[in-house]
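# Coordinate analysis (summary)
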Amino acid sequence: IDLEKLFKENDIRYSFLKGNFIKDAYPHRFYRWMTDIDILIDPAKRELVHELFTQQDFTAKTYKIDNHDIYFNSLKLVVEIHLYLFDDHFAALRKAFTPIEAEMLQQENNVLNQYLFFIAHHIKHSISSGMGIRNILDFYLVSRAYSDQLDMKQVDTAIEDWGYLEEYHRLV
C-alpha cells in the first residue's frame, strides 16, 4: 500500500514520524529495523482514515481510545495513526508541540522539528516506560548525525521551556 498516495488522493494532511529520520542516521538504512510506521494526521480526518484503512485490508487494533489508533494488515504491517504527538499526561509537551504539529502537517518537516520530536519522544519514554539499547543507540546516532545541522542553544532553550532540561541532559 502506498500510504502517501492514499493520503494525498483523499486530501489528508499527514507527516511520517521518526522512521526515516532515525534510519538516515545509521551508516546503512537497513541496519535499523522498523517495527511500525508512525504517522501524524489532521485529527478531523480520523474517521476517513479509519474507513480507508479498513477498505485496504487493515484491522483496527485500537480505535478512538486515546491519541492514536493502531492498525495492522495480513502482512503484519503495523501503522500507528497519531492525532497529536503527546497526550495529556505530558501537558507541557502537548502544549509545546501544537504549533510544531501544524508545521509538520503542512509538510514543513524540517530537521529541527524532527529532532525536537525525537528528543521529546525519548524523554517521554525515559520517564514513563524506560528505554532499551535500541533507543540508546538511536539517540546516540541521531544526535551525532544531525548536530551540525542544528543550533544546539535553540534545542536547549526549547527543552528548558518544556521543563525537561534535566532529563535531556541525563540522556546526553
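Residues numbered from 1 in each chain as written. Predicted model: local features only at pLDDT ≥ 70, side-chain atom pairs only at ≥ 80, totals over all residues. Heavy atoms only, no water.

### Concerning the overall build of the protein chain
Regarding its fold elements, the protein chain presents 8 helices and 5 strands. The secondary structure elements of the protein chain, listed N-terminal to C-terminal, are α-β-α-β-α-β-β-β-α-α-α-α-α. Its C-alpha atoms give the protein chain a radius of gyration of 16 Å, near enough to 16 Å, the size a compact globule of 172 residues would have. With the C-alpha coordinates aligned to their principal axes, the bounding extent of the protein chain is approximately 45 × 35 × 30 Å. Among the 172 residues that make up the protein chain, the fraction classed as buried is 41%. When contacts within the protein chain are restricted to residue pairs at least 6 apart in sequence, long-range pairs at least 24 apart make up 58% of them. Surface exposure of the protein chain reaches about 9,600 Å², of which carbon and sulfur atoms provide 51%. (Helix = DSSP H or I, 4+ residues; strand = E, 2+ residues; numbered from the N terminus. Rg over C-alpha atoms; globule rule 2.2 N^0.38 Å. Buried < 20%, exposed > 50% of the residue type's maximum accessible area, 1.4 Å probe, protein only. Contact = heavy atoms within 4.5 Å. Areas by Shrake-Rupley, 256 points an atom, 1.4 Å probe, with all protein chains shown as cover.)

### A few points about the sheet that holds strand S4 (residues 68-73)
Two pairing modes exist for strands in a sheet, parallel and antiparallel, and in both the strands are linked by backbone hydrogen bonds. Pairing in this open sheet of 5 strands is mixed, and the strands run S1-S2-S5-S4-S3 from one edge to the other. Unpaired on one side and paired on the other, strand S1 (14-17) and strand S3 (58-62) mark the two borders of the sheet. Neighbouring strand axes in the sheet, compared pairwise and without regard to direction, differ in orientation by 30° on average. Note: S1 against strand S2 (residues 37-41), 4 bridges, orientation antiparallel. Opposite Tyr14, over in S2, you have Ile41 as the bridge partner. Contacting S1 and S2, helix H4 (residues 91-105) runs over the sheet at an angle of about 105° to S1. (Pairing = 2+ DSSP bridges. Axes fitted to C-alpha atoms, helices over the stretch in contact; angles between N-to-C directions.)

### Some points on the packing of aromatic side chains
Scanning all chains against the criterion turns up 13 aromatic pairs. Ring plane angle 55° and centroid distance 4.9 Å describe the contact between Phe53 and Tyr71, whose orientation is recorded as tilted. Taken together, the residues Phe53 in helix H3 (residues 46-55) and Tyr71 in strand S4 connect sequence positions 18 residues apart. Both residues of the pair, Phe53 and Tyr71, count as buried. Members of the aromatic cluster, connected to one another through ring pairs, are Phe7, Tyr14, Phe16, Phe53, Phe58 and Tyr71. If you follow Arg46 out to its NZ or CZ, it ends over the ring of Tyr63, 5.8 Å from the centre. The ring of Tyr84 carries the charged tip of Arg94 above its face, separated from the ring centre by 3.5 Å. (Phe/Tyr/Trp six-rings, centres within 6.5 Å; stacked < 30°, edge-to-face > 60°. Lys NZ or Arg CZ within 6 Å of the ring centre and 35° of its normal.)

### Some thoughts on the pairing of S3
In the sheet, S3 pairs with S4 via 4 bridges, with the strands oriented antiparallel. Counterpart to Phe58 in the pairing with S4 is Asn73. A loop of 5 residues connects S3 with S4, the two strands running antiparallel in sequence, and Lys64 in this loop sits at a positive phi of about 60°.

### Let's talk about helix H6 (residues 133-146)
Here H6 contains 14 residues, and its C-alpha end-to-end distance of 20 Å stays within 8% of the 20 Å for a straight helix at 1.5 Å per residue. Every buried residue of H6 is listed here: Asp138, Phe139, Leu141, Val142, Ser143 and Tyr146. On its buried face, H6 sits against helix H2 (19-23), helix H5 (111-128) and helix H8 (165-171). (Expected span 1.5 Å × (residues − 1).)

### Description of the environment of Ile159
Mapped onto the secondary structure, Ile159 falls in helix H7 (residues 152-162). Judged by relative accessible area, Ile159 falls into the buried class, the value being 0%. It is 17 Å that separates the C-alpha atoms of Ile159 and Ser128, two residues lying 31 residues apart in sequence.

### Some words on the layout of surface pockets
In this structure, the largest pocket encloses a volume near 750 Å³. Lining the largest pocket are 35 residues, with Lys18, Asp36, Asp38, Glu80 and His121 sitting closest to its centre. Every element with two or more residues in the lining of the largest pocket is listed here: S1, H2, S2, strand S5 (78-82), H5 and H6. For the lining of the largest pocket, the element with the highest residue contribution is H5, accounting for 6 residues. Broken down by class, the residue content of the lining of the largest pocket amounts to 10 nonpolar, 13 polar and 12 charged. (1 Å grid on protein atoms, 1.4 Å probe; cavity = no way out; pocket = protein on both sides within 12 Å on 5 of 7 lines; lining within 4 Å. Points joined across faces, edges and corners; volume = space filled by probe spheres on them. Nonpolar A, V, L, I, M, F, W, Y, C, P; charged D, E, K, R; others polar.)

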